[in-house]
Amino acid sequence: MRKAVILAGGTGTRLSPMTKIINKHLLPVGRYPMIYWSLFKLQEACVKDILIITSRDHLDSFQQLLGDGKEFGVRLSYAVQEEASGIAAALSIAKTFVQNEKFLVILGDNLFDDKLTPFIEEFKQQEDGAYILLKKVQNPKRYGIACIDDKTNKVYELLEKPNIKGPAYCVTGIYMYDPTVFSFIEQVSPSARGELEITDVNLIYVKRQAMAFNFLKDWWIDAGTPESLFEANYHYFTREKAAGGYDD
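Values in this document were obtained by computation on a predicted structure and should not be read as measured data.

A. Inspection of the overall build of the protein chain at higher detail. Secondary structure summary: the protein chain contains eight helices and 13 strands in total. When each of the 248 residues of the protein chain is scored for burial, the buried share is 54%. Across the protein chain, contacts joining residues at least 24 apart in sequence account for 73% of those joining residues at least 6 apart. Surface exposure of the protein chain reaches about 12400 Å², of which carbon and sulfur atoms provide 50%.

Right, dumping it as structure tokens:
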């Protein structure tokens with residue numbers, strides 16, 4: 001797989017007031033801006049062509065920080081999402097970039113330790129369809145949740161922030177798609193909050209029995225709240241210090 005999309009837009013309201021002046025994906029996590037961790041993971045998996053989608057207000061900041069991607073050994077392109085109208089709406093902007101290839105999508109505030117390579121190799125074996133990565137969580141009300149049939153080992157339903165008690169398997173912000181995803185985005189309607197929801201797009205794959213999945217085995221976090229951003233910083237600083245990366 002050669003291509004990936006990092007979604008780095010949104011308003012970052014859960015991290016306000018920090019995000020009044022800076023995109024949340026540029027906030028520090030460990031020794032780097034948050035978006036570096038997505039780039040490191042794609043670089044590690046030898047994914048070379050990467051499109052970053054962000055808002056017009058923050059486009060210059062990303063370009064000044066990351067340039068053409070040479071520092072990371074990748075090729076970076078940029079596109080603008082004019083308004084915060086949902087993950088699926090942002091993803092639709094990538095159609096020209098993707099063309100007719102399978103590709104990977106990462107939400108830029110998803111941070112994780114697993115290597116992407118084995119999951120990418122598994123998705124390559126799929127003739128078509130989509131592939132999502134799941135993680136067991138204790139607080140399913142915060143996430144989109146995948147319901148799995150233990151007999152068939154298939155996803156049969158996706159629930160958006162359900163009022164249920166954990167544990168459950170949340171849909172992390174790491175997705176892989178075939179190019180038919182763009183026609184599926186055209187089929188969904190805005191939700192009650194006026195956005196095109198990626199859950200609705202994924203449900204089309206589920207109903208067609210074309211949604212595969214696997215589990216992240218190591219540390220993962222959605223660093224979109226002050227508490228989770230603190231936890232992410234603690235994780236990376238602790239890991240780096242254990243490896244001798246910081247002086248006392």
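B. Quick peek at the nonpolar core. Residues Val5, Phe103, Tyr177 and Val181 are the most contacted members of the largest nonpolar core, which totals 40 residues. Residue contacts for Tyr177: discarding those within four places in its chain leaves Leu91, Glu101, Lys102, Phe103, Val105, Phe123, Gly129, Ala130, Ile198, Asn202 and Tyr205.

C. Summary view of helix 2 (residues 56-66). Those residues of helix 2 not exposed but buried are His58, Leu59, Phe62 and Leu66. Angular distribution of buried residues about the axis of helix 2 spans 125°; they occupy a single face of the element. In helix 2, the exposed positions angled more than 90 degrees off the buried face are occupied by Asp57 and Gln64. Elements that come into contact with the buried residues of helix 2 comprise helix 1 (34-44), strand 4 (49-54) and strand 5 (75-80). At the exit of helix 2 stands Gly67, carrying a positive phi of roughly 60°.

D. Seen up close, the pattern of salt bridges. Inspection of the entire model under this criterion finds 13 salt bridges. The closest approach of N and O atoms between Lys24 and Asp109, which form a salt bridge, is 2.7 Å. With a gap of 85 residues between them, Lys24 in the loop between strand 1 (3-7) and strand 2 (28-29) and Asp109 in the loop between strand 6 (103-107) and strand 7 (110-112) connect regions that are remote in the sequence. For the pair shown, Lys24 and Asp109 are each scored as buried. A network of salt bridges, in which partner residues are shared, links Arg2, Lys3, Asp49, Arg75 and Glu101.

E. Broad picture of the packing of aromatic side chains. Enumeration according to the criterion identifies 18 aromatic pairs in this entry. On the basis of an interplanar angle of 75° and a centroid distance of 5.5 Å, the ring pair of Tyr32 and Trp37 is categorised as edge-to-face. Classification of Tyr32 by relative accessible area gives partly exposed; the value is 27%. Since its relative accessible area comes to 10%, Trp37 is described here as buried. Residues Tyr175 and Tyr177 carry aromatic rings whose centres are separated by 6.0 Å and whose planes lie at 20° to one another, so their mutual orientation is stacked. Judged by its relative accessible area of 5%, Tyr175 falls in the buried class.

F. Region of interest: the layout of surface pockets. In this structure, the largest pocket occupies an estimated 1000 Å³ of space. Along the wall of the largest pocket there are 42 residues; nearest its centre are Arg14, Lys24, Ile87, Leu107 and Arg193. For the lining of the largest pocket, the secondary-structure elements that each account for two or more residues are helix 3 (87-92), strand 9 (144-149), strand 10 (154-160), strand 11 (168-177), helix 7 (198-207) and strand 13 (220-222). Top element by residues in the lining of the largest pocket is strand 11. It accounts for four residues. Along the lines of polarity and charge, the residues of the lining of the largest pocket split into 15 nonpolar, 17 polar and ten charged. The computed volume of the second largest pocket comes to approximately 170 Å³. Val137, Asn139, Tyr143, Trp220 and Ile221 are the residues nearest the centre of the second largest pocket, which is lined by 13 residues in total.

G. Region of the structure containing helix 5 (residues 117-124). Looking only at helix 5, the buried set comprises Phe119, Ile120 and Phe123. Looking straight down helix 5, one finds that the buried residues subtend no more than 100° of arc, so they occupy a single side. The inward-facing, buried residues of helix 5 abut strand 6, strand 8 (130-137), strand 11 and strand 12 (211-215).

H. Quick peek at the side chain of Ser228. Residue placement: Ser228 occurs in helix 8 (residues 226-242). There is a polar contact of 2.9 Å between the side chain of Ser228 and the backbone oxygen of Asp222. Each residue touching Ser228, except ones within four places of it in the same chain, is listed here: Arg142, Ile221, Asp222 and Ala223.

Reading guide: rules and limits
Residues numbered from 1 in each chain as written. Predicted model: local features only at pLDDT ≥ 70, side-chain atom pairs only at ≥ 80, totals over all residues. Heavy atoms only, no water. Helix = DSSP H or I, 4+ residues; strand = E, 2+ residues; numbered from the N terminus. Buried < 20%, exposed > 50% of the residue type's maximum accessible area, 1.4 Å probe, protein only. Contact = heavy atoms within 4.5 Å. Areas by Shrake-Rupley, 256 points an atom, 1.4 Å probe, with all protein chains shown as cover. Core = buried A, V, L, I, M, F, W, Y, C linked by side-chain atoms within 4.5 Å. Arc of directions from axis to C-beta. Salt bridge = Lys/Arg side-chain N within 4 Å of Asp/Glu carboxyl O. Phe/Tyr/Trp six-rings, centres within 6.5 Å; stacked < 30°, edge-to-face > 60°. 1 Å grid on protein atoms, 1.4 Å probe; cavity = no way out; pocket = protein on both sides within 12 Å on 5 of 7 lines; lining within 4 Å. Points joined across faces, edges and corners; volume = space filled by probe spheres on them. Nonpolar A, V, L, I, M, F, W, Y, C, P; charged D, E, K, R; others polar. Polar contact = N/O pair within 3.5 Å; in protein donor to acceptor, adjacent residues only side chain to side chain.

In short, shape yes, function no, at least from these values alone.
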